[in-house]
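Survey of secondary and tertiary structure
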Amino acid sequence: MSILDKFSRVSRAYRCPVCGKFDWCLVSRANPQDPEEVICARVESDYRAGEAGWWHCIRPNTCPPCDPLIRVIQPRKPTRDFETIAAEFECAAADEMIVGLAESLSVSGEGLSRLHVGWASARRLERLDTRCHGRGCWSFPMRGADGAIVGIRLRSEDGFKYSVKGGANGLFIPSELRNEDGLLIAEGPTDTAALLDMGFSAIGRPSCQEGRKRIQQYLQRIPVPHAVILADNDGPGQQGAELLAGMIRLYCPDVRVISPPETIKDARAWKQSGATGDEVMQAVNMAEKLSLPIARSRRR
Ligand SMILES: [Zn+2]
């Protein structure tokens, strides 16, 4: 049996209800005009249907697929106890060290502390099979959508970014986040800290190309009234933001993408140039609100 026995290709007449496009994706053959099941080639889910894409149920409470062609994607289990390691690193970062880092990055120590910044000595990193060419690295825990620590981002004293071996890439989620205010999504922990300083509720993703699925899962768990992706002012940043926006508009009624003014690289540089929360809000208000996909607008 092949997937095409049960599913048919979308068309201009019957678009994919998940991504809204008319090519690549598949809808249940029995009722393509109002499908129960969709295999979207673009929007990821926890179920992979071979090379065809990701399985989505359009009706709430549909059982997970028992089709042998569709398999559940198991999240990779961290090989280390990153909760304990992150707590140890956090304890090792004395207040005056955090103040020094904050000054060098032009963000506040409070924002960095909310992101649970820590310090990992070179010797400690060596014992974790992780190289370090300096005295040590700054550390930021990376989390799954449920808040569990899945890995640790490292930042060397000269700004080189990598991770503790054995972990996964995850989200930078600060403590005391007010999700009801809406969410700004930044790239990396220091840009997230800059947005927290400007008074926003913000989370960070590991890079402009990563973290899409975790953010999608986060928004499924914790609905927010609007989400704003702050893209770096470069090609990959813009492209990555667009991809993420396409994915999360399924889970958030108002998704926008903004960038700093042309000559400014990223969120931290924007803050450094003197931008206030009001200026960022102006960009948010001027940005296009992405329209709802068919799937959500059809559900009542
Ligand atoms: Zn699709």
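Residues numbered from 1 in each chain as written. Predicted model: local features only at pLDDT ≥ 70, side-chain atom pairs only at ≥ 80, totals over all residues.

1. Some thoughts on the sheet that holds strand S14 (residues 255-258)
Here is the rule we go by: Two strands qualify as a pair provided that DSSP identifies no fewer than 2 bridges between them. Secondary structure elements are defined from DSSP: runs of H or I of at least 4 residues count as helices, runs of E of at least 2 residues count as strands, and each element is numbered from the N terminus. Under this scheme, a helix contributes an axis fitted over its contacting stretch, all axes are lines through C-alpha atoms, and angles between N-to-C directions fall in the 0 to 180 degree range.
Strand order across the open sheet formed by four strands is S12-S11-S13-S14, with parallel pairing between neighbours. With partners counted over all chains shown, the strands left at the sheet margins are strand S12 (202-205) and S14, one partner each. The sheet shows a mean angle of 25° between the axes of neighbouring strands, direction not considered. Strand direction decides the pairing type here: strand S11 (residues 183-187) and S12, joined by four bridges, are parallel. In the strand pairing of S12, Leu 184 is matched with Ala 202.

2. Overview of the nonpolar core
The nonpolar side chains of soluble globular proteins are, as a tendency, buried together. Note the following rule: By definition, a nonpolar core groups buried Ala, Val, Leu, Ile, Met, Phe, Trp, Tyr and Cys residues that are joined through C-beta atoms within 7 Å. Buried residues are those with 20 or more other C-beta atoms within 10 Å of their own C-beta, exposed residues have 12 or fewer, and partly exposed residues lie in between; C-beta atoms are placed from the backbone. Contacts here follow a simple rule: the backbone-placed C-beta atoms of the two residues must lie within 7 Å.
Core analysis: the biggest nonpolar cluster contains 80 residues, and Ile 185, Leu 195, Ala 227, Ile 229, Leu 230 and Ile 248 have the highest contact counts within it. Among the elements that take part in this core, helix H8 (residues 235-248) stands out by supplying five residues, more than any other. Excluding its chain neighbours within four sequence positions, the residues that come into contact with Leu 230 are Leu 184, Ile 185, Ala 186, Leu 195, Ile 258 and Ala 267.

3. Topic: unusual backbone geometry
The backbone phi angle of Trp 24 is positive, close to 70°, even though this residue is not glycine. In this structure, Asp 129 is a non-glycine residue whose phi angle is positive, near 55°. Relative to the helices and strands, Asp 129 is located in the loop between helix H5 (122-127) and strand S8 (136-143).

4. Quick look at the domain arrangement of the protein chain
The cut-off we apply is this: The source of the domain bounds is an automatic or database domain assignment.
Domains assigned within the protein chain are domain 1 (1-74), domain 2 (82-163) and domain 3 (179-298). Taking the mean C-alpha position of each, domain 1 and domain 2 sit 41 Å from one another.

5. Some remarks on the sheet that holds strand S1 (residues 7-9)
If you walk across this open sheet you meet the six strands as S1-S2-S3-S5-S4-S6, and the pairing is antiparallel. Because the sheet does not close on itself, it has two edges, and the strands there are S1 and strand S6 (71-72). Both strand S3 (residues 37-40) and strand S5 (residues 53-57) contribute to a ladder of four bridges, which runs antiparallel. Opposite Cys 40, over in S5, you have Trp 54 as the bridge partner.

6. Details of the pairing of S11
In regular strands, side chains alternate between the two faces of the sheet. To keep things clear, this is the line we draw: Every crossover in which the path from the first strand over the helix to the second runs clockwise, viewed with the strands pointing away from the viewer, is termed right-handed.
For S11, the buried fraction is high: five of the five residues fall into the buried class. Here S11 pairs with strand S13 (residues 227-230) via three bridges, running parallel. Counted as the bridge partner of Leu 183 is Ala 227 from S13. Once the chain exits S11 it traverses helix H6 (residues 189-197) before rejoining the sheet at S12, and the crossover so formed is right-handed.

7. Remarks on the packing of helix H7 (residues 212-221) against H8
Rule in force here: By convention the crossing between two helices is left-handed if the near helix lies anticlockwise of the far one by an angle smaller than a right angle, and right-handed if it lies clockwise. Here the term charged refers only to Asp, Glu, Lys and Arg, the term nonpolar to Ala, Val, Leu, Ile, Met, Phe, Trp, Tyr, Cys and Pro, and the term polar to all other amino acids, Gly among them.
At a minimum axis separation of 10 Å, H7 and H8 run at an interaxial angle of 35°. Where H7 crosses over H8, the handedness of that crossing is right-handed. Contacts from Arg 212, Ile 215, Gln 216 and Leu 219 in H7 reach Leu 243, Leu 244, Met 247 and Ile 248 in H8. For the contact of H7 with H8, the class distribution of residues is six nonpolar, one polar and one charged.

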